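A look at the structure
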Amino acid sequence: MGDRGETLLISANVEISAKALESIVENVKQMTGRDEKGYYRVDTAEKTGEIISRFLSEKDFESYAKNPRNYY
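Residues numbered from 1 in each chain as written. Predicted model: local features only at pLDDT ≥ 70, side-chain atom pairs only at ≥ 80, totals over all residues. Heavy atoms only, no water.

**Here's the deal with the overall build of the protein chain**
Secondary structure assignment for the protein chain yields three helices and zero strands. The N-to-C order of helical and strand elements in the protein chain reads α-α-α. For 72 residues, the compact-globule estimate of 2.2 N^0.38 gives 11 Å, and the C-alpha radius of gyration of the protein chain, at 16 Å, exceeds that figure by more than 25%. Principal-axis analysis of the C-alpha atoms gives the protein chain an extent of 50 × 25 × 20 Å. Counting every atom, the protein chain has about 6700 Å² of accessible surface; 51% of that belongs to carbon and sulfur. Positive and negative side-chain charges in the protein chain, numbering 11 and 13 respectively, have mean positions lying 3 Å apart. (Helix = DSSP H or I, 4+ residues; strand = E, 2+ residues; numbered from the N terminus. Rg over C-alpha atoms; globule rule 2.2 N^0.38 Å. Areas by Shrake-Rupley, 256 points an atom, 1.4 Å probe, with all protein chains shown as cover. Lys, Arg positive; Asp, Glu negative; His and termini not counted. Charge placed at Lys NZ, Arg CZ, Asp CG, Glu CD.)

What follows is the structure in structure tokens.
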């Protein structure tokens with residue numbers, strides 16, 4: 001994501017569907033697997049933030065944010 005210049009890490013409340021969150025949790029669990037005690041050791045909130053950040057970068061959120069019409 002750093003290819004578009006300086007970026008900042010912010011905390012924000014983002015509304016997503018329950019299905020999207022369920023998909024993220026399931027996919028991350030499958031990707032990481034269980035540890036030796038049978039637990040999943042993954043921060044799904046962090047992964048959700050990474051996925052949303054990647055999406056915003058790929059969909060050019062910067063240009064979207066520059067357009068005043070998108071604020072109404």
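Next comes the rest of the write-up.
**Here's the deal with unusual backbone geometry**
Positive phi outside glycine occurs at D60, with the angle close to 60°. In this structure, D60 sits in the loop between α2 (44-58) and α3 (61-66).

**A few points about the layout of surface pockets**
In this structure, the largest pocket spans a volume of roughly 1100 Å³. Every element with two or more residues in the lining of the largest pocket is listed here: α2 and α3. With ten residues, α2 is the largest single contributor of residues to the lining of the largest pocket. Split by residue class, the lining of the largest pocket holds 13 nonpolar, seven polar and five charged. (1 Å grid on protein atoms, 1.4 Å probe; cavity = no way out; pocket = protein on both sides within 12 Å on 5 of 7 lines; lining within 4 Å. Points joined across faces, edges and corners; volume = space filled by probe spheres on them. Nonpolar A, V, L, I, M, F, W, Y, C, P; charged D, E, K, R; others polar.)

Keep in mind these numbers describe shape, not what the thing actually does.
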